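# A closer look at the structure
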Amino acid sequence: MLLKRITLLSVSLGLLILCACSSSQGTYLEQAKKIHKEILTLDSHTDTPLMLGRRGLDLGVHNDPHEGGGKLDFPRMKEGGLDAAFFAVFLGQGEETPEAFEVAQQRARSIFESIYEVLDEYPEMAELALSPDDAYRLKEEGKRAIYLGLENAYPLGNDIAMVEKYYEKGARYITLSHTRNNHVSDSSNDPDGPVHDGLSAFGKEVVKEMNRLGMMIDISHISDKAFYDVMEISNAPVIASHSNARSVHNDPRNLNDDMLLALAENGGVVQLCFLYVTQLPPNPPRDSARTALREKYNNFQGLSDEEMENARADWYAIDRDFPSQLPTVADLVDHVDHIVNLIGIDYVGIGSDFDGGGQLEDCYDVTEMPNITAELLKRGYSKEDIEKIWSGNFMRVFREAQNLREV
Ligand SMILES: [Zn+2]
């Protein structure tokens, strides 16, 4: 009888603890959703334009992320309490001949056009944003703010005047390189190693021109040496639109502590990415399927809209057939903790890389963004800290870059 009572007691105690835990988790999430209504939230890097194109995704409707619906659309941004997002106009690195540059510039133009088109189609839901103030105004109006950034300086070609052309098209940052070296900068990931020992001579000119225009310089993807070259040349604070801390996850795409200290000194900001978060268990069948896919589609270079659509369908099929374990929100927030401990609360933000491979187990699409805020609350971050992380820090850099505009 006594035993039975003790068992009953421990069961009910256990249940009580379980309830307490899940209800405090629930409270954090409820609190998080409330905070998202009150502060401006911004994601500084998504590759959602890759989902557009002739027969691409309709951003005006609620899509299913598990059925090829991508990571965000306007209704889901609203549901997830995300007010503003940068859409990357992304071009993979190709040949550096006048003809290839011309093709890349045409491709960039058509990506800008496809974004303007979708924004024209849904003026009641979203608008092109060009300055920090725009996002705050649009939040008041209940609309999403869509900013533009150019990912990879490749389509500048050799013409410095193209920097201003892209600024005029709405781009407010340029990521100097992608995963291969280009004529502007060495990349952190080029298998052949550096070719310029940092920035090229043209790359240094590009940085100065971006300063003159008040355009943010994005140091994500560039080599460590190129990062230090930017630190030396730029007269404005810079961004890493989607990178993490190398001390937490050792990957050349992430910033080491010395770089983070230099970034704080520069007054810049690192926007945490949902890729390069943690070491995941190996998954050889998935890796070889992805490698075969890249080969089949020429590393996604020079594809027609139809080929791009097929490539996308095959990419999702791999996700379905060989699912990978994903990092969690808690793993991501470990990067926040590390950076805040090292350089303080003023230099960190969020740049998911949604639709460019970024995804977390419990932040699989934009509707789950409040889970990040709930984890921050759980770890003791204040609403003021959370506002800095979700937009304040990034907007400070954006404003400073624009204030230094000399035209
Ligand atoms: Zn990227």
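Computed from a predicted structure; not experimentally measured. (Residues numbered from 1 in each chain as written. Predicted model: local features only at pLDDT ≥ 70, side-chain atom pairs only at ≥ 80, totals over all residues. Heavy atoms only, no water.)

### Structural notes on the overall build of the protein chain
The secondary structure content of the protein chain amounts to 13 helices and nine strands. The globule rule puts the C-alpha radius of gyration for 407 residues at 22 Å, and the 22 Å found for the protein chain is close to it. Oriented by its inertia axes, the alpha-carbon framework of the protein chain measures out at about 90 × 45 × 45 Å. When each of the 407 residues of the protein chain is scored for burial, the buried share is 54%. For the protein chain, the share of sequence-separated contacts (at least 6 apart) that also reach a separation of at least 24 residues comes to 72%. Entry remark: accessible area of the protein chain is about 17700 Å², with carbon and sulfur atoms responsible for 52%. Here the protein chain carries 39 positive and 67 negative side-chain charges, and the mean point of each set is 5 Å from the other. (Helix = DSSP H or I, 4+ residues; strand = E, 2+ residues; numbered from the N terminus. Rg over C-alpha atoms; globule rule 2.2 N^0.38 Å. Buried < 20%, exposed > 50% of the residue type's maximum accessible area, 1.4 Å probe, protein only. Contact = heavy atoms within 4.5 Å. Areas by Shrake-Rupley, 256 points an atom, 1.4 Å probe, with all protein chains shown as cover. Lys, Arg positive; Asp, Glu negative; His and termini not counted. Charge placed at Lys NZ, Arg CZ, Asp CG, Glu CD.)

### Section: the confidence of the model for the protein chain
When pLDDT is averaged across the protein chain, the result is 93; 93% of the residues are at 70 or more. Contacts of residues 1-9 to residues separated by more than four positions or lying in other chains number zero contacts, the stretch itself having pLDDT below 50. Overall, residues 13-21 carries pLDDT values under 50, and its contacts beyond four positions in sequence, including any with other chains, amount to zero contacts. (pLDDT = per-residue confidence, 0-100.)

### Quick look at the coordination of the zinc ion
The protein atoms donating to the zinc ion are Glu 151 (OE), His 221 (NE2) and His 242 (NE2), with metal-donor distances spanning 2.1 to 2.2 Å. On the basis of relative accessibility, which here comes to 4%, the residue His 221 falls in the buried class. (Donors = N, O, S within 2.8 Å, 3.2 Å for Na, K, Ca; no water.)

### Quick notes on helix H9 (residues 284-296)
The end-to-end C-alpha distance of H9 is 18 Å, a good match for the 18 Å that 13 residues give at a rise of 1.5 Å each. In this fold, the buried residues of H9 make contact with helix H10 (305-321). Looking at the residues trailing H9, positive phi occurs at Asn 298, about 50 degrees. (Expected span 1.5 Å × (residues − 1).)

### Some points on the environment of Glu 232
By secondary structure assignment, the location of Glu 232 is in helix H7 (residues 224-233). For Glu 232 and Asp 385, which are 153 residues apart along the polypeptide, the C-alpha to C-alpha distance reads 29 Å.

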